[in-house]
Amino acid sequence: MNQPRTARVRVSVLVLTAVLAILSPQVGAQESLGDLVSRSGFDWMIGKWVAETDDGQRLLTTYKWELDKHIITVQFKMGDYEFRGMIMYLATEQKVVQIGADNRGGTSKAEWNAEGDKAVSITTGTGAYGEVQKFGISHAKADANTMTVEVYPVESTGELADEPWATLKYKRQ
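Here's what I pulled together on the structure shown here. Every chain begins its residue count from 1, and numbering advances along the sequence as written. Per-residue local features of the predicted model are confined to residues with pLDDT of at least 70, and side-chain atom pairs are confined, for both listing and counting, to 80 or more; whole-chain, interface and lining totals are unaffected and use all residues. Computation of side-chain values: all heavy atoms of the structure, hydrogens and water removed.

Observations regarding the pattern of salt bridges
Here, a salt bridge means any side-chain nitrogen of Lys or Arg that lies within 4 Å of a carboxyl oxygen of Asp or Glu. Evaluated as defined, the whole model comprises 8 salt bridges. Here R39 makes a salt bridge to E31, at a shortest N to O gap of 2.0 Å. Remark: exposure states derive from per-residue accessible area (1.4 Å probe, protein chains only) relative to the maximum for the residue type, with buried under 20%, exposed over 50%, and partly exposed in between. Exposure remark for R39: the relative accessible area of 57% places this residue in the exposed category. Residue K77 pairs with E82 through a salt bridge whose shortest N-O separation is 3.6 Å. The network of salt bridges with shared partners includes K77, E82 and R84.

What follows is the structure, given as structure tokens:
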């Protein structure tokens, strides 16, 4: 028995509408990056931060909420080097990830985790010529206007090395 084409289209539209109506409360209830960051106590990181290396090099890092707290954009500048990234929560995988690129043709991807009172990202960076480097960055709140950032090599086991490459004190701007 053949149904007329318009009847099949109406049935398809009704089924699709019903499925969307059933799924929409679940999608609306999905946790956002903002919820996760706030609940974990890391919302203090949002803002503009400045540090200076031992040799006087100025570093500027900015974490900014975007898209109703569903992403954080990251900007890093040191001399003529610039990086832009985006941090987001992948709810289906229950992990926080970052992707980014720099002004020299490099790209990176990272995964963020809470380790006690520290926000730690494990990053795999690929340079413009294909060279790969893996490193970790630990962010700890010293006080309302000071953040300690440590940059670590990543061991072959995937763990951070015992000693950081660098330790920086950032001040809120």
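A look at the pairing of strand 4 (residues 81-90)
As judged from the 8 bridges shared by strand 3 (residues 71-78) and strand 4, these two strands associate in the antiparallel manner. Residue pairing for strand 4: T73 is matched across the bridge by M86. A strand pair is defined by DSSP finding two or more bridges across the two strands. Secondary structure elements follow DSSP: runs of H or I of four or more residues count as helices, runs of E of two or more count as strands, with numbering from the N terminus. Counted along the chain from strand 3 to the antiparallel partner strand 4, the turn is 2 residues long, and its residue G79 has a positive phi close to 60°. Where strand 4 lies against strand 5 (residues 95-102), 8 bridges are found, and the strand directions are antiparallel. In the strand pairing of strand 5, F83 is matched with D102. Taking the residues that link successive antiparallel strands as the turn, the strand 4-strand 5 hairpin has 4 residues, and the phi of Q94 there is positive, at about 50°.

As for the sheet that holds strand 10 (residues 166-172)
Judged by pairing direction, the barrel is antiparallel, and its 10 strands sit side by side in the order 1-2-3-4-5-6-7-8-9-10 before closing back on the first. Taken pair by pair, the neighbouring strands of this sheet meet at an average axis angle of 25°, ignoring direction. Here a residue-residue contact requires only that any non-hydrogen atoms of the pair lie within 4.5 Å. Helix axes are fitted to C-alpha atoms over the stretch in contact, other axes to C-alpha atoms as well, and angles between N-to-C directions run from 0 to 180 degrees. Most of the contacts of helix 2 (residues 33-40) go to strand 4, to which it runs at about 95°, and overall it touches strand 2 (58-66), strand 3, strand 4 and strand 5.

Some thoughts on the nonpolar core
Formed by 24 residues in total, the largest nonpolar core has its most connected members in L33, M45, Y63, I87, M147 and Y170. For this core, the secondary structure elements donating two or more residues are helix 2, strand 1 (47-52), strand 2, strand 3, strand 4, strand 9 (146-153) and strand 10. Among the elements that line this core, the one with the most residues is strand 4, at 4 residues. What M147 contacts, discounting residues up to four positions off in sequence, is W44, M45, W49, Y63, H139, A140, A142, L168, K169 and Y170. Put simply, a nonpolar core is a bunch of buried Ala, Val, Leu, Ile, Met, Phe, Trp, Tyr and Cys residues held in one set by side-chain atoms that sit within 4.5 Å of each other.

Focus on the pairing of strand 5
Judged from the 6 bridges that link them, strand 5 and strand 6 (residues 107-115) form a sheet pairing that is antiparallel. Along strand 6, the bridge assignment pairs A101 with T107.

A closer look at helix 2
Think of an α-helix as 3.6 residues a turn; residues three or four steps apart then line up on the same face. Along helix 2, the residues that are buried comprise L33, G34, L36 and V37. The buried side chains of helix 2 occupy one side of the element, clustering within an arc of 165° when seen end-on. Against the buried residues of helix 2 lie strand 2, strand 3, strand 4 and strand 5. For this analysis, a polar contact is any N or O atom pair within 3.5 Å, provided that within protein one partner can donate a hydrogen and the other can accept it, and provided that sequence-adjacent residues contribute only side-chain to side-chain pairs. Of the residues flanking the start of helix 2, the one acting as N-cap is S32, its side-chain oxygen 3.3 Å from the backbone nitrogen of G34. When we speak of the arc, we mean the arc of directions from the helix axis to the C-beta atoms.

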